[in-house]
Amino acid sequence: MKILSALKLKLAGFVGRLEELVSAVKTHVMDILDVRLGDAARQLADAARTGGHDTMRFTPFLSLARLMFIKSRNLLPGQDQFEDTDLEAEEVQPEEEPTEVRERLKKQQHRFQEVALRLRVLEETNATKLRSRRTRSEGLPEFIDEISFLEQATPFDLMQTMIQLLRMKPEERLYRVRVDDAKLLSMRISEVFDFLLARRGEPALYSEIVSAEARREEKALSFLAVLFLLNQGRITAEQSAPYADIEIRVRQAEGGAG
Amino acid sequence: MLTIDEITNVIEGILFLSPTPVKIDDIAEHLNVDASLVGEAMERLRARSEGGGLEVLKTAGGWEMATRSEYVEHLRAFFGGLDRSRLSRASLETMAIIAYQQPVTRGAIEALRGVNSAGTIKSLLDKGLIRISGREDAPGRPFLFSTTPDFLSYLGLDKLADLPPLETYDSKV
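## Examining the packing of aromatic side chains
Point 1. Within the structure shown, the criterion is met by one aromatic pair over all chains.
Point 2. The positively charged end of arginine 111 of chain A is found above the aromatic ring belonging to phenylalanine 112 of chain A, 5.8 Å away from the centroid.

## Points about the pattern of salt bridges
All names here are of chain B.
Point 1. Counted under the stated rule, the structure contains 15 salt bridges over all chains.
Point 2. Salt-bridge contacts for aspartate 158 lead to lysine 58; the nearest nitrogen and oxygen are separated by 2.9 Å. With aspartate 158 in the segment after α8 (149-155) and lysine 58 in strand β1 (residues 54-59), the pair connects residues that are 100 residues apart, well separated along the chain.
Point 3. The residue arginine 113 makes a salt bridge to glutamate 93 at a minimum N-O spacing of 3.6 Å.

## A closer look at the packing of helix α5 (residues 89-101) of chain B against helix α6 (residues 106-113) of chain B
All names here are of chain B.
Point 1. Taken N-terminus to C-terminus, the directions of α5 and α6 make an angle of 120°; their axes are 10 Å apart at the nearest point. It follows from the interaxial angle that α5 and α6 lie oblique. Read as a crossing pair, α5 and α6 show a hand that is right-handed. Contacts between α5 and α6 pair Ala90, Glu93, Thr94, Ile97, Ile98 and Gln101 from the former with Ile109, Leu112 and Arg113 from the latter.
Point 2. Along the lines of polarity and charge, the residues of the contact of α5 with α6 split into five nonpolar, two polar and two charged.

## Describing the sheet that holds strand β3 (residues 104-105) of chain B
The pairing of strands in a sheet comes from backbone hydrogen bonds and takes either a parallel or an antiparallel form.
Residue and element names in this part refer to chain B.
Point 1. One open sheet holds the three strands; their spatial order is β3-β5-β4, and the pairing between them is antiparallel. Edge positions in the sheet fall to β3 and β4 (130-135), since each of these pairs with one other strand and no more.
Point 2. Alignment of β4 against strand β5 (residues 143-147), held across five bridges, turns out to be antiparallel. Among the inter-strand pairings, arginine 131 is bridged to a residue of β5, identified as serine 146.
Point 3. Contacts from α5 reach β3, β4 and β5, with the element oriented near 95° to β5.

## Some remarks on the sheet that holds strand β4 (residues 235-239) of chain A
All names here are of chain A.
Point 1. Here three strands make up an open sheet; going across it, the order is β3-β5-β4 and the pairing antiparallel. Of all the strands in the sheet, just β3 (204-205) and β4 have a single pairing partner and so form its edges.
Point 2. In this structure, β4 lies alongside strand β5 (residues 246-250), joined through five bridges in antiparallel fashion. When the sheet's bridge partners are listed, glutamate 238 is paired in β5 with glutamate 247.

## Quick look at unusual backbone geometry
Residues and elements named next belong to chain B.
Point 1. Each neighbour pair has its own omega, and for glutamine 102 with proline 103 the value is -5°, a cis peptide bond.
Point 2. When you line up the elements, proline 103 lands in the loop between α5 and β3.
Point 3. With a phi angle near 60°, asparagine 32 is a residue other than glycine that sits in the positive phi range.
Point 4. Residue placement: asparagine 32 occurs in the loop between α2 (24-31) and α3 (35-48).
Point 5. Accessibility expressed as a relative area gives 68% for asparagine 32, which makes it exposed.
Point 6. For alanine 60, which is not glycine, the phi dihedral falls at a positive 50°.
Point 7. Mapped onto the secondary structure, alanine 60 falls in the loop between β1 and β2 (62-67).

## Observations concerning the nonpolar core
Across soluble globular proteins, you tend to see nonpolar side chains buried next to one another.
Point 1. If you look at the biggest cluster of nonpolar residues, it comprises 27 residues, and the most contacted ones within it are Phe112 of chain A together with Leu87, Met95, Ile109, Phe151, Leu155 and Leu163 of chain B.
Point 2. Only α5 (99-127) of chain A together with α5, α6, α7 (118-127) and α8 of chain B provide two or more residues apiece to this core.
Point 3. Apart from the residues lying within four places of it in its own chain, the contact partners of leucine 155 of chain B are Leu119, Leu122, Glu123 and Asn126 of chain A together with Met95 and Leu163 of chain B.
Point 4. Ranked by size, the runner-up nonpolar core spans 17 residues in total, among them Val38, Leu45, Val56 and Met65 of chain B.

## Observations concerning the pairing of β1 of chain B
Residues and elements named next belong to chain B.
Point 1. Here β1 runs beside β2; their pairing, made up of six bridges, is antiparallel. What sits directly across from threonine 59, in β2, is glycine 62.
Point 2. Here β1 folds back onto β2 in antiparallel fashion, the turn holding two residues, of which alanine 60 has a positive phi close to 50°.

## Section: a nonpolar patch on the surface
Residues and elements named next belong to chain A.
Point 1. A contiguous nonpolar surface patch, about 230 Å² in accessible area, is contributed by Phe223, Leu227 and Leu230.
Point 2. The topology assignment puts leucine 230 in helix α9 (residues 216-231).
Point 3. The partly exposed category is assigned to leucine 230, whose relative accessible area is 34%.

## Concerning the packing of α5 of chain A against α5 of chain B
Point 1. The N-to-C vectors of α5 of chain A and α5 of chain B enclose an angle of 105°; their axes lie 8 Å apart at closest approach. When the interaxial angle is binned, α5 of chain A and α5 of chain B end up roughly perpendicular. Facing α5 of chain A, whose interface residues are Phe112, Gln113, Val115, Ala116, Leu119, Arg120 and Glu123 of chain A, α5 of chain B presents Arg89, Leu92, Glu93, Ala96, Ile97, Tyr100 and Gln101 of chain B.

What counts as what
- Residues numbered from 1 in each chain as written.
- Chains lettered and ligands numbered in written order.
- Predicted model: local features only at pLDDT ≥ 70, side-chain atom pairs only at ≥ 80, totals over all residues.
- Heavy atoms only, no water.
- Phe/Tyr/Trp six-rings, centres within 6.5 Å; stacked < 30°, edge-to-face > 60°.
- Lys NZ or Arg CZ within 6 Å of the ring centre and 35° of its normal.
- Salt bridge = Lys/Arg side-chain N within 4 Å of Asp/Glu carboxyl O.
- Helix = DSSP H or I, 4+ residues; strand = E, 2+ residues; numbered from the N terminus.
- Axes fitted to C-alpha atoms, helices over the stretch in contact; angles between N-to-C directions.
- Parallel < 35°, antiparallel > 145°, perpendicular 65-115°, else oblique.
- Left-handed = near helix turned anticlockwise from the far one by under 90°.
- Contact = heavy atoms within 4.5 Å.
- Nonpolar A, V, L, I, M, F, W, Y, C, P; charged D, E, K, R; others polar.
- Pairing = 2+ DSSP bridges.
- Buried < 20%, exposed > 50% of the residue type's maximum accessible area, 1.4 Å probe, protein only.
- Core = buried A, V, L, I, M, F, W, Y, C linked by side-chain atoms within 4.5 Å.
- Patch = residues over 30% accessible without salt bridge, like charges linked within 9 Å, V, L, I, M, F, W, Y side chains within 5 Å.
- Areas by Shrake-Rupley, 256 points an atom, 1.4 Å probe, with all protein chains shown as cover.

Structure representation (structure tokens):
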């Protein structure tokens, strides 16, 4: 454990102990989005394996999990991904500009705001022309299956990685982010979404999606897929009473906009 | 050797099954025929689909089939859940800046918008509408962002030149 605590991580833009990295992120000295957590995880895992340690018991992994949590929060899409939000909700840049520059920028901002309205018209027109692929899993983010690309990963990649870390045996390589040997989370998300689409607006029961006979990993995979689709605003879930089965259906877009 | 009618029928099948727009050159290479013949067949297919439920569109440098706009409500009602979420105003503005100024850094986008745009850039990356196309040769070597072919598909455009001209708005500001 001391070996791991003393380990100096060598990352792009940072060299030091994990605790120092956590501190730098918490004090905003470093932007968590610039930290390659995959490299940090690999170095910790290599050190743990070299030292013959049981990785499950090491506090550095908890520190890493904390960093992943912070990163996942930073990467989470805002509400504006699904519906219009006020620009006021976004952080205003604090820098003071000379009046001339400010005026010019204001004009340019206005110009792009105007052209964005034209793009909205194109978007809405094109949304009325349906493609066969759009009856399936259109717009769902693609997943990255290599931990080496973790710095670009979505929160759900991070969840996958967390599962991988928890299930990891010392002899296993860390770089695959598969939940089981046969299926990736992205595939299960598409399957669940297609299954729900086939209901044509009618609800499906959670127990239909996550069968009692499924293996534990498959249940976890299906659960994560449902969580992901809920998070993306693609489905709704209702439970009529405590412990009742959950009814899940594809969410109808509000206002009928394409 | 395939006849022009047969080529037209094969193209129809390819467009029906393809998840992405298909390029004429790819079809020509696959069928081992001249690209001009495929182009002619495509025009025939286009003419044949007039008045039908499907139309042939030129999108993102390729060709694809889509349902006609006038029937969209019936299709949505039948399938349910076909409505796609619209991009937010913030995302559209960010996408517009990237489309017209590409390749562009996050800093330049934020300077133009006057607000932090990290979330909207991440969202557009997730949707595959923009991509990291390189790094600027400047301190910190910031990422450069550009649009993707999916961006053109999303708006139903064939090429970037089909975007509404930005200059139009100069007279208004």
